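# Structural overview for review
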Amino acid sequence: MWRAFIASFVFQHRSVASLIRELKRNSQLRELCGFHLIFRAHKKASIGFN
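Residues numbered from 1 in each chain as written. Predicted model: local features only at pLDDT ≥ 70, side-chain atom pairs only at ≥ 80, totals over all residues. Heavy atoms only, no water.

Membership of the largest hydrophobic core is limited to seven residues, which are Ala4, Ala7, Leu19, Leu23, Leu29, Cys33 and Phe35. If we skip the residues at most four places from it in the chain, Leu23 touches Leu29, Arg30, Cys33 and Phe35. (Core = buried A, V, L, I, M, F, W, Y, C linked by side-chain atoms within 4.5 Å. Buried < 20%, exposed > 50% of the residue type's maximum accessible area, 1.4 Å probe, protein only. Contact = heavy atoms within 4.5 Å.)

Next up, the structure:
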């Protein structure tokens, strides 16, 4: 979580929503911030509900 907070300043995101959009779009940033496992687990869990 702290890494995402720092990334929001480094990449000059003006809002949390903007940072979340960037994290959804940018897989490398997700990995750097430590969210890659969370997004993969969420994606696998939602596959059965389509």
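Quick look at unusual backbone geometry now. Residue Gln12 is not a glycine yet carries a positive backbone phi of 55°. Here Gln12 is to be found in the loop between helix 1 (2-10) and helix 2 (16-25). In this structure Gln12 comes out as exposed when scored by relative accessible area, which is 67%. (Helix = DSSP H or I, 4+ residues; strand = E, 2+ residues; numbered from the N terminus.)

We now examine the side chain of Ser8. Structurally, the position occupied by Ser8 is in helix 1. Under the relative-accessibility criterion, Ser8 is labelled buried at 13%. Ser8 has contacts with His13 and Leu19, leaving out every residue within four places of it along the chain.

Attention now goes to the packing of aromatic side chains. Counted by the stated rule, this structure contains two aromatic pairs. Taking 5.8 Å as the distance between ring centres and 90° as the angle between the ring planes, the aromatic pair formed by Trp2 and Phe5 counts as edge-to-face. Of this pair, Trp2 and Phe5 both sit in helix 1, separated by three residues, roughly a single helical turn. For Trp2, a relative accessible area of 66% translates into the label exposed. According to the relative accessible area criterion, Phe5 is partly exposed, its value standing at 45%. (Phe/Tyr/Trp six-rings, centres within 6.5 Å; stacked < 30°, edge-to-face > 60°.)

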